[in-house]
Each structure stands twice: as C-alpha cells, then as structure tokens.
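Report on the structure
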Amino acid sequence: MASRAKRRREAGPPECREGGGDAEDSDSDLEEEEDEDDDDDEEDEELNKEVNVEFEAHSISSNDSNGIKKLLQQLFLKAPVNTAEMTDILIQQNHIGSVIKQAEVLEESDDDDDDADEVFGFISLLNLTERKGTECTEQIKELVLSQCEKNCEQSMVEQLDKLLTDTTKPVGFLLSERFINVPPQIALPMHQQLQKELTEAQRTNKPCGKCYYYLLISKTFTDSKTSARRKGSSTHQKEELMFSNAEEEFFYEKSLLKFSYSVQEESDSCLGGRWSFEDVPMKPLRTVMVIPADKMNAIMDKLKEYLSV
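Residues numbered from 1 in each chain as written. Predicted model: local features only at pLDDT ≥ 70, side-chain atom pairs only at ≥ 80, totals over all residues. Heavy atoms only, no water.

A look at the overall build of the chain
Looking only at helices and strands, the chain has 10 helices and 10 strands in total. By sequence separation, contacts in the chain at least 24 residues apart represent 79% of the contacts at least 6 residues apart. If you sum the accessible surface of the chain, you get close to 17,900 Å²; carbon and sulfur atoms cover 43% of it. (Helix = DSSP H or I, 4+ residues; strand = E, 2+ residues; numbered from the N terminus. Contact = heavy atoms within 4.5 Å. Areas by Shrake-Rupley, 256 points an atom, 1.4 Å probe, with all protein chains shown as cover.)

A short note on the packing of aromatic side chains
Within this structure, the stated rule accounts for four aromatic pairs. With 5.3 Å between their ring centres and 65 degrees between their planes, Phe55 and Phe120 make a pair best called edge-to-face. Of this pair, Phe55 sits in strand 2 (residues 50-59) while Phe120 sits in the loop between helix 4 (112-116) and strand 4 (121-127), placing them 65 residues apart in sequence. For Phe55, a relative accessible area of 2% translates into the label buried. (Phe/Tyr/Trp six-rings, centres within 6.5 Å; stacked < 30°, edge-to-face > 60°. Buried < 20%, exposed > 50% of the residue type's maximum accessible area, 1.4 Å probe, protein only.)

Thoughts on the environment of Pro170
Locating Pro170 in the fold gives a position in the loop between helix 6 (154-165) and strand 5 (171-178). Classification of Pro170 by relative accessible area gives buried; the value is 15%. Separated by 40 residues in the primary sequence, Pro170 and Glu130 place their C-alpha atoms 7.4 Å from one another. With sequence-adjacent residues up to four places away left out, Pro170 is seen in contact with Asn127, Thr129, Lys210, Cys211, Tyr212 and Tyr213.

Section: empty space enclosed by the protein
Tallied over the entire structure, the rule returns one cavity of 30 Å³ or more. Considered as a void within the structure, the largest cavity measures approximately 60 Å³ in volume. Every residue lining the largest cavity is listed: Ile100, Phe122, Ile123, Ser176, Glu177, Arg178, Ile186, Ala187, Met190 and Asn245. Contributing elements (two or more residues each) for the lining of the largest cavity: strand 4, strand 5 and helix 7 (187-203). Broken down by element, the lining of the largest cavity gets its largest block of residues, three residues, from strand 5. Considering only residue class, the lining of the largest cavity consists of six nonpolar, two polar and two charged. (1 Å grid on protein atoms, 1.4 Å probe; cavity = no way out; pocket = protein on both sides within 12 Å on 5 of 7 lines; lining within 4 Å. Points joined across faces, edges and corners; volume = space filled by probe spheres on them. Nonpolar A, V, L, I, M, F, W, Y, C, P; charged D, E, K, R; others polar.)

What follows is the structure in structure tokens.
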C-alpha cells in the first residue's frame, strides 16, 4: 500500500532582538543574520521536500497498545473515557480491525526497530450493545448523550437515547484514527477491509458481527469567528465544517442524526496544534453521527469515487 506523505515544518516563535549597540556590532549582527538566513533556507528546502512513504496494514496486536491509546487520546482529549480498557478490547477482538505501519525498508538504520512498531493509524469497531456494562462503553454513551443534551433539541436527545438503549438493534462505535500527515487515500482500503471482516464475523457468529447503526465521533473544525450558535440547533451548517479525516464528510452526508460540540477548552496544542486555515483561526469540534448500516455501501462507493489512486 503506497501512500505519499509530506513532512512539514512547524512555525516557531518570532525572534526578539534588543536595540542599541555600535556600528561594528551592527555589521557583525548583519553578517550573522545573513549566515542564519542561508542556513534557514537550506533547512527549509530540505524539510519541505516531498517524501514517499510506504504504509502497510497489519492485524491489531498487543504490540500496538501504546500507539492505539495515543490515537484514542487524540480523539477524546480530556473526556472521561477509559482508553486503556478500550484498547485492550480492540486487541482482544483482533479478528476485526487493522493498524497502519510504515513498510519495511531495505536500508536499515538505528531507528528501524522503533519505526517498525510505530502506529500511524488504526481502524476498528466497538459494539456498544455487545459490550454493554463495560466502563468505556458506558462512558462513550454518557459522553454523546450529555453533549447532545447541551447542544440539541430534546427530540434529538430522546432519539439518540432510544438508539443507544435498543438491544434489538446493535450499535457499533466506528473508530478510524490516524496522524494528520497520513493521506486520506489510505482510508479506502482500510474501510473496505473492515466491512469484509464485519461480514465474516456475522457469518461465523463472532463478536461485532451485526450492527444496525454505526456511531462515529469525528474531529472537525469551523471558523472560530462564525461558529457561535444557540442551544437547540442540531448541527453546524455543512459548509462550515472541515473534517480532519476528509473521508468522514461522506459519513456525515448519510447520517441519520448529527450534531457538533466544542472541545476548545480541552484541546492540547501538543496533540492537535493551533489550527488555522488560510490564516483564519479554527475552532476545534467533535461531530457525532449515527449512520444506518444500510447506508454503508453507498458510502463505500463515494470513497471509491474520491479516494481511488
């Protein structure tokens, strides 16, 4: 599985220089600045080069625990969800789900052992109905319901509560997380493989097989200047939302219900950075969607249309 990733340079704080000094010092400073500019130009040229990286999908194993937890924390931030327990469940049910790792390269280096086990992304599903009673499952349901109460009309709260508590129609929590520099094209084979694994799990009566609905929490952003909205509005306008995982817009279009809530107070710049788009500051959100299972084929067709390489 070949994908192209770009290495980008993070902008650092502006340099501050004190005024004053004689002419000789000024000339010396100018020479130093010119040397520094030359070094910066060379560094910029090197760091802005496009790098081809080969990615491979692997079954989830216990070696992936730390990588999966890190990606789950990127999604949940400071929300009270037991990501360690969730990770353990995903590892136990490894008949479904995959992790993305860098493909092995022929040229070996001192860092090869570390890079080989680094998780760049993963996809899996947690069946909330089958796992009813586990701490992380109950925390997820409580999280989305509490945010729905704060941001939506009562009718949507009741609809969501009914979906999550109806044991005759299982709900699967769809997890598809990756680092931002991993291109969206990798999502197509990952989702296709997951759907095959879920079909096989249903055929062989294994856990996670049958789902009537999929719950998805997507990392989204909107213009911070226009994102204010009143309680009772069920969703941001589609054109205002930008998706961290671009393909999740197709899930959004087919969702039965959807709403967004702000995570601006929880965002950690070490995980998510300070987001801007064309110099416009962006407000970080989480967008909750419930997608009927019978819409997945249409979504997969859209992914093929837009993400095929």
